[in-house]
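Coordinate inspection notes
So you can see what is in the structure, the chains are spelled out below.
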Amino acid sequence: MPVPLCSLFHSIPVTSCNQFLSCPIPFNYRSCTLYHSISHLLYPFPNPCPSPSLSTHPCLCPLCRDLLFHLNLLCPSPPAVACPRHGVKRFSRLLRKPRASLATRRASSARGLMAAAGYAGRAVSGAVRAPQPPAAGPSAGGRAAAGAGGIRASCRAAAAGAELQEVFAARCGRVRCVAGDAAERCRELALELLRHGLSHPSGLRGAAVLLPALAQRCARRRARSPARSCGSRCGPAAAPYLGDIARVLQATLLDHYAEVRRESCRCALACARAMPEHFHMQSESLIKPLMQTISHQHYRVRVDVIQATGAVIQFGNAKSVDDVLSHLAQRLFDEIPKVRHAVTTVIGEWLLHLRDRYSYFHKLIPLLLGSFTDEIPENTKLAWTYWEKIGLQWEKENEEDLKDKMDFSVSPSHYPKGETRPGLGCRELVSRNLSKILPGLCHDMTDWVESTRIKASQLLYTLLLHAEDHITQHMELLLRTLYQACSDEESEVVKNVTAELIGTFVSPKVSLKLITSAFEQTPKASCVMVLAAVIRGSPKEILQPHVSQLGNMLAQAGVCQRSEEVFYMEQLLYCVQALIEVCQEDCKEISLQLMKVLVTTMAVPSSQDLKEKVEKTMSSLAEVQQLESVHCLYKQHTTQLMEWVSVSCEGWTSYSPEVLQFEVISTHSGPVIGEALDDFILILKTCLQPNRDPQMRLKLFTVLSLLLQKASETINSQGLFPSYLETVIKDILAPNLQWHAGRTAAAIRATAVLCLWALIHCEMLSPKEILKVKDELMPQVIASLDEDSKITRLMACRIVDAFLKVCGRQFDADKFKNTYTEVLKRLDDASCDVRLAAAHTLANWFKCLKDSDVKSSMEGHVEFLYQELLIHLDDPDENLQKAVLEVLKEGSALYPDLLVREIEGVVHKHQTPVYCNQLLHHIQSAKASAL
């Protein structure tokens, strides 16, 4: 019969197994010896060694079977001959022999205990599992039998677990040594064995030996630690070993392997929750390695570190909050949403459950509110959820202080559109901590990192939305910050400027006073931008008493004429638009001031886009006053605008903004300018004197020429301009037609000639008027025929032609001579248009001379003119040939015989004699018809 091995085997000290497995004899021999010794105790027959199924012998308890199964793995094939029988004494004596250790034998020992631990765990879990009822309804006896079977299974499992813990306690010291073995596999199996052993509270009996060894081991080489099982499952019982656990975690949190760091973070979190009453003594020692790991390249490590940090501080020493805040704030900029989610969760939990949270409200609130603008909706929702809970909790904790506000508070009638008003607790929390939060936040608004400035600008909006009217006491600091933010190079920062909330929650009496003081110094675009935002955010009824003050301030020369920078003028335009949008019909009392600002904005040399915006704004201003068009708006203010710009006209230069303002008023008012000719002509007379700035005179002449081209729709819309013609010609045009050296002077003469031609062409300068001014203008116009500008020469030819038609018959011989001499030169002009205009002018000259009393004295000049014209009759330009032919036909009536002789003398020289023949035929026909 088989020998009952359990009683014999359990009587063998476990330390003997340790010594046996450490002996220096060959491994296979030693394993076979132990194997066959046990097998002969089970099977006392002279047969060969049994097969590997020995471990399933029915007489063995579970622990022995697992150990034998392990030994079976060590020696899968028995020797060829049977081993001699060995008694228990021999077996024990063999195990006691002191021998040195080999790595493989130590690993085998560890694997054996691992197998036993695995079996014990499975037995316990299977025993406690509820039994399944049978398919059919069982009888009472069957249920009792099933219950008894479950109890027996539980007892066996408990016995197995107890035996395992007894073996672990006995071999704990040995396994501790194996944990420091040079072989990696031995260390790994030993640590796994320790993990199984420490998973039961009774395993702490060996913790006093194991944890110092592990701490020493991790200090030398970073490895995985079983301290998580010890701390989390044993709870306060592990408190005596908290120092060793902390030393282990300090090392493993900085391990090169990411998974080790993650496991260490989970261990720290478990320890903090398992020992909240004692953890504060070691929590500070974990902060430094956690913060060194918080920026790890793996985002899962960062998430675990943030979660561990939250637990370490929440259950530890809250003084460490200051050490981790900057690191957590940086994680709010993490590109991984889960990392930002973890930060939001940790900050929310601290604000809810941290023991000293009242001391850190001003530091934690900005971090939580910063998640309100997260790009991931889930993170934003999480932050709002926590914030609402925090506000409600704070309300309950301070209910007596808030009783009056809770009972009698009234919601503001004007609130930003699209925003939900936070709860009372949330608003009070921000209001009471704003003085501590705002200075640091304003500093971040000027940070050199763009992302920091953007985040700070977003957070500032959230804080002001919560603070409401409490921001009044911080206005100076807030305005300085907003001025700087509006000047930021990053458009996102400028977009987040929150000045609208100032208009919503702060009285204009306070805000406008502070903003006006900034305008009194050197107004900048940022100041105007903030003012526009404040106006947009203000309620109409509150802003109405200050409308006049705003209009006068904007219309000041130091404000609206301070700069020609497009960005500045654009912000000034937005300010006017905000006033019109908010005040509506109340803008009527400051309509003139707003027109001054709009005229100045349009006068700035800028893009077409800005001018279109100004025109739309003028249309809006006319609409709120119920005017039909912009021209009606000009009609309402043109006289006042002319007086406004003419105040300093005696000192105008080309750089004076009033010159451009005058141009805008004159050219954009349309027919309204015809009603303000007194001021208009006076300004031109004053500024277009030859001794004034040439560039300025050129600009004004350009304006005058543009208006004269459409005189009936502009300056002569009321038919009043002819009464000013004498002043225009004698005091404005004539002095500027005189020759002066320089390109600018030439350009001025050109524009003056254009203006004179415009007067003649639109027939405002009647023949009667021409007769009055011909003596003054004719010499200057003839002199202009020799100008360098083609357009000047062309217009001069046309003006001479017009003068000849009106008063040419009244010319004396000298005027006829001077006129044809200069016009004849233009037939050699480089411009075809000028040559054709000159030819047409000579035709009119012949007409005037034919009816003149000085015809007889001009025969010699006519003969010279015939000769010159016949030369041009053979010009390469066919158009000029035809024009000259018509001139000679007109002039043949004066001295036909003389012209025939001249033709006969040159006809053989012409390349195209056909025109000479046509001219001869015309003369003969004229003589025949005369007879």
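What counts, and at which threshold
Residues numbered from 1 in each chain as written. Predicted model: local features only at pLDDT ≥ 70, side-chain atom pairs only at ≥ 80, totals over all residues. Heavy atoms only, no water. Helix = DSSP H or I, 4+ residues; strand = E, 2+ residues; numbered from the N terminus. Buried < 20%, exposed > 50% of the residue type's maximum accessible area, 1.4 Å probe, protein only. Areas by Shrake-Rupley, 256 points an atom, 1.4 Å probe, with all protein chains shown as cover. Contact = heavy atoms within 4.5 Å. pLDDT = per-residue confidence, 0-100. Core = buried A, V, L, I, M, F, W, Y, C linked by side-chain atoms within 4.5 Å. Phe/Tyr/Trp six-rings, centres within 6.5 Å; stacked < 30°, edge-to-face > 60°. Lys NZ or Arg CZ within 6 Å of the ring centre and 35° of its normal.

Some words on the overall build of the protein chain
- Along the backbone of the protein chain there are 46 helices and zero strands.
- Within the protein chain, the proportion of its 931 residues that are buried is 52%.
- Here the protein chain has roughly 43,200 Å² of accessible surface; of this, 53% comes from carbon and sulfur atoms.

Quick notes on the environment of Leu-465
- In this fold, Leu-465 is placed in helix α21 (residues 450–467).
- Overall, the relative accessible area of 6% leaves Leu-465 in the buried class.
- Through-space distance from the C-alpha of Leu-465 to that of Glu-419 is 8.8 Å; in sequence the pair is 46 residues apart.
- Once residues within four sequence positions are removed from consideration, Leu-465 is found in contact with Tyr-415, Pro-416, Glu-419, Leu-501 and Phe-505.

Details of the confidence of the model for the protein chain
- Of all residues in the protein chain, 75% attain a pLDDT of 70 or more, and the chain-wide mean is 79.
- When mean pLDDT is compared element by element in the protein chain, helix α16 (residues 337–353) scores highest at 95, while helix α5 (residues 88–96) scores lowest at 37.
- Low pLDDT, under 50, characterises residues 221–232; the predicted model gives this stretch 38 contacts beyond four residues in sequence or across chains.

A word on the nonpolar core
- Grouped together as the largest cluster of nonpolar side chains are 250 residues, with contacts concentrated most on Trp-387, Leu-531, Phe-680, Phe-721, Leu-733 and Leu-759.
- The element contributing the most residues to this core is helix α30 (residues 566–583), with 11 residues.
- Apart from the residues lying within four places of it in its own chain, the contact partners of Leu-759 are Leu-708, Phe-721, Leu-725, Val-728, Ile-729, Leu-733, Met-764 and Leu-765.

With respect to the packing of aromatic side chains
- Applying the stated criterion across every chain, the model contains 10 aromatic pairs.
- A ring pair is formed by Trp-652 and Phe-662, whose centres lie 6.1 Å apart and whose planes are at 55°; its orientation type is tilted. Remark: Phe-662 occurs in helix α34 (residues 657–668) and Trp-652 occurs in the loop between α33 (630–646) and α34; sequence separation between them is 10 residues.
- A residue is classified by how much of its surface remains accessible, and Trp-652, at 2% relative accessible area, is buried.
- Seen from their ring centres, Phe-846 and Tyr-866 are 6.3 Å apart, and the 25° between their planes marks the pair as stacked. In this pair, Phe-846 is assigned in helix α42 (residues 832–850) and Tyr-866 in helix α43 (residues 859–872), connecting sequence segments 20 residues apart. Tyr-866 carries the same exposure label as Phe-846, and that label is buried.
- Grouped by ring-pair contacts, the aromatic residues Phe-811, Phe-816, Tyr-820, Trp-845, Phe-846 and Tyr-866 constitute a single cluster.
- The side chain of Lys-389 reaches across the aromatic face of Tyr-386, ending 6.0 Å from its centre.

Some points on the environment of Val-582
- Positionally, Val-582 belongs in helix α30.
- Note: C-alpha distance between Val-582 and Arg-536 (46 residues apart in sequence) is 6.6 Å.
- Leave out the neighbours within four places in its chain, and Val-582 touches Ile-535, Arg-536, Ser-538, Pro-539, Lys-540 and Leu-543.

Focus: unusual backbone geometry
- Positioned with a positive phi, Gln-584 is a non-glycine residue whose angle comes to about 55°.
- Looking at the secondary structure, you find Gln-584 in the loop between α30 and α31 (591–603).
- Judged by its relative accessible area of 32%, Gln-584 falls in the partly exposed class.
- Positive phi is not limited to glycine here, since Gln-626 has a value of about 60°.
- A relative accessible area of 74% places Gln-626 in the exposed class.

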